[in-house]
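# Descriptive structure summary
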Amino acid sequence: MAEQGKKRKAEEAESTAQRNDEGDWFVDLGKNKRLTVRKFKAMVLVDIREHYEKNGQMLPGKKGLSLSPEQFAALLEQSAGATAEIEKLGKK
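The notes below deal with the structure included here. (Residues numbered from 1 in each chain as written. Predicted model: local features only at pLDDT ≥ 70, side-chain atom pairs only at ≥ 80, totals over all residues. Heavy atoms only, no water.)

### Focus on the pattern of salt bridges
- A full pass over the atoms with the stated rule returns 3 salt bridges.
- Among the salt bridges present, the one from R38 reaches D47, with a minimum N-O distance of 2.5 Å.
- D47 sits in the buried class, given a relative accessible area of 5%.
- Measuring nitrogen to oxygen at the nearest pair gives 3.9 Å for the salt bridge that ties R49 to D47.
- What makes R49 buried here is its relative accessible area of 14%.
- Salt bridges here are not isolated pairs; linked through shared partners, they connect R38, D47 and R49. (Salt bridge = Lys/Arg side-chain N within 4 Å of Asp/Glu carboxyl O. Buried < 20%, exposed > 50% of the residue type's maximum accessible area, 1.4 Å probe, protein only.)

### A look at the nonpolar core
- Core analysis: the largest hydrophobic core is formed by 7 residues, namely A17, W25, V27, L35, V46, L67 and F72.
- What V46 contacts, discounting residues up to four positions off in sequence, is L35, T36, V37, L65, S66, L67 and F72. (Core = buried A, V, L, I, M, F, W, Y, C linked by side-chain atoms within 4.5 Å. Contact = heavy atoms within 4.5 Å.)

### Describing the pairing of strand β2 (residues 25-30)
- The sheet contact formed by strand β1 (residues 18-19) and β2 spans 2 bridges and is antiparallel. Residue pairing for β2: R19 is matched across the bridge by W25.
- Between β1 and β2, which pair antiparallel and follow one another directly, the connecting turn spans 5 residues, one of which, G23, has a positive phi of 90 degrees.
- Two successive antiparallel strands, β2 and strand β3 (residues 33-40), enclose a turn made up of 2 residues, where K31 displays a positive phi of approximately 50 degrees. (Pairing = 2+ DSSP bridges. Helix = DSSP H or I, 4+ residues; strand = E, 2+ residues; numbered from the N terminus.)

### Points about the environment of K63
- With respect to the helices, strands and loops of the structure, K63 is situated in strand β5 (residues 57-67).
- It is 5.7 Å that separates the C-alpha atoms of K63 and E50, two residues lying 13 residues apart in sequence.
- Setting aside anything within four residues of it in sequence, one finds K63 in contact with R49 and E50.

### Here we look at the packing of aromatic side chains
- Scanning the entire structure with this criterion turns up 0 aromatic pairs.
- Between R34 and the ring centre of F26, over which it is positioned, the NZ or CZ distance is 3.8 Å. (Phe/Tyr/Trp six-rings, centres within 6.5 Å; stacked < 30°, edge-to-face > 60°. Lys NZ or Arg CZ within 6 Å of the ring centre and 35° of its normal.)

### Side note on the sheet that holds strand β4 (residues 43-54)
- Pairing is antiparallel in the open sheet, where 5 strands are placed in the order β1-β2-β3-β4-β5. Both edges of this open sheet fall to β1 and β5, since each of them pairs with a single strand only.
- In terms of strand pairing, β4 meets β5 through 8 bridges, oriented antiparallel. Looking across to β5, one finds that V46 is bridged to L67.
- The strands touched by helix α2 (residues 69-77) within the sheet are β3, β4 and β5, with β5 carrying the most contacts at an inclination of about 80 degrees. (Axes fitted to C-alpha atoms, helices over the stretch in contact; angles between N-to-C directions.)

Here's what the structure looks like:
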């Protein structure tokens, strides 16, 4: 059962994911924020960054952070605990 849930979540993410002009995979998080997986100087990075519009094109801003795949994995490992804390605080 857990495998089916993981597969369904992966399919949902793929259905909302897009590619930018550089071919990088991204998901729109709302309010001009995106999660983007890209390569920079031969390193794979996961960016969580604000974007702005210029000449009809969305461009990355200065505000945000880049995580290595290992850091992103560590973040995901803690997602259940963070979700529980969010629910506990009543900010869901």
